[in-house]
Amino acid sequence: MQIIRVEDYEDISKKATEILLDRIRTAEKLVLGLATGSTPVLTYQYLVKDHQENQTSYQHVTSFNLDEYIGLPVEDPNSYHTFMDHHLFNHIDIPREQIFLPNGLADNQQQACIDYEKQIQNHGGIDLQLLGIGSNGHIGFNEPGTPFDSATHIVDLAESTRKANARFFDSIEEVPKQAITMGIGSILRSKEILLLVSGEKKSKALARLLEKQVDSQFPASALHHHAHVTIVADKAALQYTNEKSSVTQ
Ligand SMILES: N[C@@H]1[C@@H](O)[C@H](O)[C@@H](COP(=O)(O)O)O[C@@H]1O
C-alpha cells in the first residue's frame, strides 16, 4: 500500500488526475472503476478541464461505477447515473455504450447483480478502481460485516451512511434504504486501486485502515489483501497517523 501525502483536497484531486491521465493516455484499452460521493468531484472537474484543454480522449475507455441507489429513477438528481453525467460523462468523449452503472430499477434485482458482475468480467475486469471511504470504513456501499469475497449485491444502507448522504437530499426520509453495489470481492479483483481520503472527518477511518488490522467490521481493511493500492490523502485526513515512514511527501 503506497500512501501519498499531500497538503489538501485540491492537491489530492490534482494527484488523482495525474494518475488517472497517465493510465488513460498510455493504455490502448482501459476499464475504469468510478466512484461517487463528494471526494472525486474535483478530480472529475480536472479531468473535464484537461479534456477541454488537451483533448485527452476517452474513446478507448469503458467505465463501471461502484454503486447506485435502489428505486431512484435514472433522471433523479440524486441518482448516481445523474451524478456521473453531470460531473463527468456529459463533458468527455466516452461513448455512451461504454458506460455502465448498476441498475437500481431492475424488476429482478438478484439478476441485475449477476449481470453487472458478468459485464465487468466480459470487459476483462477493472484496470483501475477509484475509491472513496465512508467514516465507518465502507467502500462502495459495502457496509461493515460484508464478506470480503462478495460480488455485486443488494445492501441495506447503514443509518450512519444514510445520514452522511442526506446532505444531498431534501431530508433523510428521502435517502433510499437500499443500494446495489459492487462487492468487496469485485473491488479486490481490480488490477489497481486508487483511494482518495480527504479531511478531518475521514481521519479516524484512515488511521484505522493504516493500523493494518484486517477486520470484516471495517470493510476498507480488505484493501490490505490487494497488491497494488495507492492512497492519496491530505494532512487533515492523516492527522492521527504516525506512519511517516511509509508516506511519500
Ligand atoms: N457510495 C458512496 C461511496 O462510494 C463513497 O466513497 C462514500 C464517501 O463519500 P464522500 O466522498 O462524499 O465522503 O459515500 C457514499 O456512500
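How each quantity is defined
- Residues numbered from 1 in each chain as written.
- Predicted model: local features only at pLDDT ≥ 70, side-chain atom pairs only at ≥ 80, totals over all residues.
- Helix = DSSP H or I, 4+ residues; strand = E, 2+ residues; numbered from the N terminus.
- Rg over C-alpha atoms; globule rule 2.2 N^0.38 Å.
- Buried ≥ 20, exposed ≤ 12 C-beta atoms within 10 Å, placed from the backbone.
- Contact = placed C-beta atoms within 7 Å.
- UniProt positions renumbered as here; feature names shortened; annotations may be inferred.
- Axes fitted to C-alpha atoms, helices over the stretch in contact; angles between N-to-C directions.
- Parallel < 35°, antiparallel > 145°, perpendicular 65-115°, else oblique.
- Left-handed = near helix turned anticlockwise from the far one by under 90°.
- Nonpolar A, V, L, I, M, F, W, Y, C, P; charged D, E, K, R; others polar.
- Near = placed C-beta within 6 Å.
- Pairing = 2+ DSSP bridges.
- Right-handed = clockwise from strand over helix to strand, strands pointing away.

What about the overall build of the protein?
Moving on, step 1. Across its full length, the protein holds 7 helices and 11 strands.
Moving on, step 2. Its C-alpha atoms give the protein a radius of gyration of 17 Å, within 12% of the compact-globule value 18 Å for 249 residues.
Moving on, step 3. Within the span of the protein, comprising 249 residues, buried residues form 42% of the whole.
Moving on, step 4. Within the protein, contacts between residues at least 6 apart in sequence are counted, and of these 82% link residues at least 24 apart.

What to know about the UniProt feature "active site" (unreviewed entry) in the protein
Moving on, step 1. Within the UniProt annotation, "active site" (unreviewed entry) is assigned to Asp 67, Asn 136, His 138 and Glu 143.
Moving on, step 2. On the basis of neighbour count, Asn 136 is assigned to the partly exposed category, with 18 C-beta atoms found within 10 Å.
Moving on, step 3. In this view, Asn 136 contacts Pro 144, Ala 158 and Ser 160; residues no more than four positions away in its chain are not counted.
Moving on, step 4. Secondary-structure assignment places Glu 143 in the loop between β6 (128-131) and β7 (153-156).

Digging into the UniProt feature "domain: Glucosamine/galactosamine-6-phosphate isomerase" (unreviewed entry) in the protein
Moving on, step 1. Taken from the UniProt record, the annotation "domain: Glucosamine/galactosamine-6-phosphate isomerase" (unreviewed entry) applies to residues 12-228.
Moving on, step 2. Within residues 12-228, the helical portion is 33% and the strand portion 15%, while the C-alpha atoms at the span's ends are 18 Å from each other.

Looking at the packing of helix α1 (residues 9-26) against helix α2 (residues 41-54)
Moving on, step 1. Following both chains from N to C, one finds α1 and α2 inclined at 50°, their axes separated by 8 Å at the closest point. Between α1 and α2, the interaxial angle falls into the category oblique. The hand of the α1/α2 crossing is right-handed. Touching Tyr 9, Glu 10, Ser 13, Lys 14, Ala 16, Thr 17, Leu 20 and Leu 21 of α1 are Leu 42, Thr 43, Tyr 46, Leu 47 and Asp 50, all from α2.
Moving on, step 2. Classifying every residue of the contact of α1 with α2 gives 7 nonpolar, 3 polar and 3 charged.

A word on the site of the ligand
Moving on, step 1. Within the structure, the ligand sits among 14 residues, and Gly 37, Ser 38, Thr 39, Gly 132 and Gly 134 are positioned closest to it.
Moving on, step 2. Its residues assigned to classes, the shell around the ligand shows 4 nonpolar, 9 polar and 1 charged.

Here's the deal with the environment of Thr 39
Moving on, step 1. With respect to the helices and strands, the residue Thr 39 is situated in the loop between β2 (30-34) and α2.
Moving on, step 2. Distance from Thr 39 to Ala 16, taken between C-alpha atoms, is 11 Å for residues 23 residues apart in sequence.

Describing the sheet that holds strand β8 (residues 178-181)
Moving on, step 1. Judged by pairing direction, the sheet is antiparallel, and its 3 strands sit side by side in the order β4-β8-β7 without closing on themselves. At either margin of the open sheet sits one strand with a lone partner, and together these are β4 (67-69) and β7. If you compare each strand with its neighbour and ignore which way they point, the axes differ by 25° on average.
Moving on, step 2. As judged from the 3 bridges shared by β4 and β8, these two strands associate in the antiparallel manner. From the neighbouring strand, Tyr 69 faces β8, where its bridge partner is Ala 179.

What to know about the environment of Asp 107
Moving on, step 1. Structurally, Asp 107 is set in the loop between β5 (99-100) and α4 (109-122).
Moving on, step 2. Residue Asp 107 is classed as exposed on the basis of its C-beta count, with 7 C-beta atoms lying within 10 Å.
Moving on, step 3. In the structure, Asp 107 is positioned 70 residues away from Gly 37 in sequence and 26 Å away in space, judged by C-alpha atoms.

Quick notes on the pairing of strand β3 (residues 61-65)
Moving on, step 1. With 5 of its 5 residues buried, β3 lies for the most part within the structure.
Moving on, step 2. Here β3 shows two buried faces, one formed by Val 61, Ser 63 and Asn 65 and the other by Thr 62 and Phe 64.
Moving on, step 3. Examined bridge by bridge, β2 and β3 share 5 bridges and lie parallel to one another. Looking across to β3, one finds that Val 31 is bridged to Thr 62.
Moving on, step 4. For the segment spanning β2, α2 and β3, crossover handedness is right-handed.
Moving on, step 5. Bridge count between β3 and β5: 2 bridges; the pairing is parallel. From the neighbouring strand, Phe 64 faces β5, where its bridge partner is Phe 100.

With respect to the pairing of β6
Working note: regular strand, side chains alternate between the two faces of the sheet.
Moving on, step 1. With burial as the criterion, each face of β6 is covered, one bearing Leu 128 and Leu 130 and the other bearing Gln 129 and Leu 131.
Moving on, step 2. Strand direction decides the pairing type here: β2 and β6, joined by 2 bridges, are parallel. From the neighbouring strand, Leu 32 faces β6, where its bridge partner is Leu 128.

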